[in-house]
Structure formats: structure tokens, C-alpha cells
Amino acid sequence: MFAVYAAESHADDPLAALRTGDRPAPDVPEGWARVRLRAASLNHHDLWSLRGVGLPADRLPMILGCDGAGVDDEGREVVVHAVVSDPDWTGDETFDPRRSLLSERYQGTFADEVVVPRRNLVPKPAELSFEEAACLPTAWLTAYRMLFTRSGLAPGSTVLVQGAGGGVATALVALGSAAGYRMWVTSRDEAKRAKAIELGADQAFESGARLPERVDGVMETVGKATWSHSVKSLRPGGVIVTCGATSGDAPPAELTRIFFLQLSVVGSTMGTRDELDRLMRLCAVTGVRPLIDHVLPLEDAREGFERMLHEDVFGKIVFTR
Ligand SMILES: NC(=O)c1ccc[n+]([C@@H]2O[C@H](COP(=O)([O-])OP(=O)(O)OC[C@H]3O[C@@H](n4cnc5c(N)ncnc54)[C@H](OP(=O)(O)O)[C@@H]3O)[C@@H](O)[C@H]2O)c1
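What you see is a predicted model, and the numbers here were worked out from it, not measured in a lab.

Draft legend 1. Quick look at the packing of aromatic side chains. One pass over the structure, following the stated rule, counts 7 aromatic pairs. Taking 5.0 Å as the distance between ring centres and 80° as the angle between the ring planes, the aromatic pair formed by Y144 and F148 counts as edge-to-face. You can see Y144 and its partner F148 sitting in helix α3 (residues 136-150), 4 residues apart, about one turn around the helix. Given the relative accessible area of 8%, Y144 is considered buried. Judged by its relative accessible area of 27%, F148 falls in the partly exposed class. Ring centres 6.4 Å apart and planes at 15° place the aromatic pair F305 and F319 in the stacked group. Of this pair, F305 sits in helix α9 (residues 301-309) while F319 sits in strand β18 (residues 316-320), and the two are 14 residues apart along the sequence. Overall, the relative accessible area of 1% leaves F319 in the buried class. Pairwise contacts between aromatic rings join F110, F305 and F319 into one cluster. Sitting over the face of the ring of Y5, R23 holds its NZ or CZ atom 5.3 Å from the ring centroid. One residue, K124, lies across the ring of F130, its end atom 4.9 Å from the ring centre.

Rendered as C-alpha cells:
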């Protein structure tokens, strides 16, 4: 079958590790299900995989892609939940130390077919297209859990999102504004700041700018480049929720400010199958839809990877079959 995969790792030149071409169609183990993919979406995770982060050489070649939507062998339209937990794990699967994401241990979604544990199939609401549904399982689910499960912030709170254009960032702005939060964003790019306002942000600031007032919470995906600004932007007792460190993970921790102002730093990773189900229903009921920057045929996946690498994206890049 046709697939987009990592054949090697290149820490400094991730696209040199990217291949497109024929890979064996997967067998379907007992208790697992096959999905014929109609759409899949690109995440920064796929670039990390090409750099060798979370994907050691002994697992290569590996089909990339965490997110997908398609049709299972019974003809049902489904979305694939990307967190594969141990079969014996019960409860919140994001706390399972043996969990993996599709494309880390099991082959991913940038292909004609993917196989996943049957419990990882979630019915796709008819209101969502395959392209829209394929944006939800990683970036949008992560944003949902950061804001609604992990932050402890109620609607009406002011929430700063660092980096306006990313998949997680655009999801946070769209979900937060629909749910009644006052969403502020930063971006290095004026055009992205303008697009964030169109998306529902209340105000958009240049990265690192002094804010008119301190915020209740900050949603962090950028890491080193924005961490200090995130800590300094919080009101006493405020919370930073972090799910990523695109620019690196060794900023000064700002410990003095954290203890003196009694700030909380909360980690967040992906989400549960139930949260994905609720996210899809939220989209169906409210009319909120993932912001799609580009739709490309899977054969042209390299163009999507190039756009993400050069930060020429506002929203999600979707590949179709
Ligand atoms: N823990 C999890 O489960 C989980 C889930 C999803 C994502 N993540 C992680 O979260 C991060 C974002 O993922 P994504 O898919 O949303 O990635 P993405 O689409 O590539 O995000 C790009 C955004 O990051 C900002 N950015 C990048 N480098 C920056 C810098 N040096 N200074 C300021 N801003 C910078 C950009 O902001 P501008 O607007 O300024 O260009 C851009 O909007 C990744 O590191 C990813 O691995 C983790």
C-alpha cells in the first residue's frame, strides 16, 4: 500500500529522513480493527519523529501520522484515537506508562490503511467531514484537555496562548472563544496575529510584549522562547499548562516568581478516548470546526512537511486519499 514513512533519523535535516512509497499492508491482530483512511493530519510530532525524537532507529521504517479518519471493515465512518494503551490498563490512558502514540510503536495513519485496537475507534459525527475529523485526535484533543480538563480555569477567565499559528494554538483559540473564555494570543508574525483575531481571539500581541493586565492562565507549546514571558504574564495564583517545547526545554524556570506568586505549572499530554468523543460532539453541537490551512493529496505529503518545518502554517495541514 502507499505510505509516507520515516526510513532513518536526521536530527538537523528531518526531511532527509522522509520517504513516500510502498509499504506492506498491515495484518489485523485479534481485537484490533482495520481502517481505510480517507484523511489524516500532520502534527509537529511527525517532524520530531523524523528527527529521531521518540522514534529510535530499531523501530524504523515507521509509517508516520497520529491522526486519521476513515471507514472500518464494517463500513462505519470512524476517527482513530491515537493513544494506544496497554491492554490491561484501566482508567485514563494518558497516565499509562506503557502507552504509545500511533507512529511510535505501531504504524501510523499516513497510508491507505491503519490497524488499531478496536477500542481506539470513535464514531465520526456526520456533521464533520473526514478532513475536519482527521484534525481532532492529536492537536485538538490536546488543546481540549489542556483547557477543559487540566487548567482548572472556568469560562470567563483570561487565557494567553503562546504562538498563534500552530495546530494546538489555533485549536485553543477556537475552543476557548466558543466556550466563553477571553483568549489572548502572541505571535512573532503580524499576519498570524490578524488571523488569530479572525479565529476568535480577543487580543493578539507581539511575542514577548507586555500585556495590558496579567492573565489567569497561559497555554504553552513553545517552551524555551516564551517560558519567561509566560511566567511573568500570570496573576498571583495563575496556572501555566504546558504540552510541548517546540523551541527547546531549558529556559530559566523562574522559580522565585513561581513560589512567591503561588503559580501552578501543569503538564498535559494528549487526551482520553472519552475526551475525543466529547470534543467531536462539542464540534458537532457548536459548529466549531478545525481551521485547515492546506489540504493535499497524501502523495504530496512532503510539501506539507516543508510548510510545517518553515512555520508557514496557520492551522492544520490535512492529507487525503
Ligand atoms: N504532549 C502532547 O501530547 C502534545 C500534543 C500535541 C502537540 N505537542 C507539542 O506541542 C508543540 C506544538 O505542536 P503543534 O502541532 O501545534 O506545532 P506547530 O503547528 O508546528 O506549532 C507552531 C507554533 O509554534 C510557535 N513557535 C515555534 N517556535 C517558536 C519560537 N521560537 N518562538 C515563538 N513561537 C514559536 C509558532 O508561533 P508563531 O505564531 O510565533 O509563528 C507557531 O504558531 C510541539 O512541540 C508538539 O510536539 C504535544
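Continuing now.
Draft legend 2. How the structure looks around the site of the ligand. Around the ligand sit 25 residues in total, of which H44, W48, S187, K192 and T246 are the nearest. At 2.8 Å, a backbone N or O of C243 approaches a nitrogen atom of the ligand. A distance of 2.8 Å separates an oxygen atom of the ligand from a polar side-chain atom of T246. For the ligand, whose unbound accessible area comes to 920 Å², protein coverage reaches 88%.

Draft legend 3. Up close: the sheet that holds strand β1 (residues 2-6). Within the open sheet, the 3 strands sit side by side as β2-β1-β4. Their pairing is antiparallel. The open sheet terminates on both sides in strands that have one partner only, identified here as β2 (18-22) and β4 (62-63). Of the strand pairs in this sheet, β1 and β4 are connected by 2 bridges, and their pairing is antiparallel. Looking at β4, one finds that A6 is bridged to M62.

Calculation notes
- Residues numbered from 1 in each chain as written.
- Predicted model: local features only at pLDDT ≥ 70, side-chain atom pairs only at ≥ 80, totals over all residues.
- Heavy atoms only, no water.
- Phe/Tyr/Trp six-rings, centres within 6.5 Å; stacked < 30°, edge-to-face > 60°.
- Helix = DSSP H or I, 4+ residues; strand = E, 2+ residues; numbered from the N terminus.
- Buried < 20%, exposed > 50% of the residue type's maximum accessible area, 1.4 Å probe, protein only.
- Lys NZ or Arg CZ within 6 Å of the ring centre and 35° of its normal.
- Near = heavy atom within 4 Å.
- Polar contact = N/O pair within 3.5 Å; in protein donor to acceptor, adjacent residues only side chain to side chain.
- Areas by Shrake-Rupley, 256 points an atom, 1.4 Å probe, with all protein chains shown as cover.
- Pairing = 2+ DSSP bridges.

In short, the description is geometric, and any link to function would need to be established separately.
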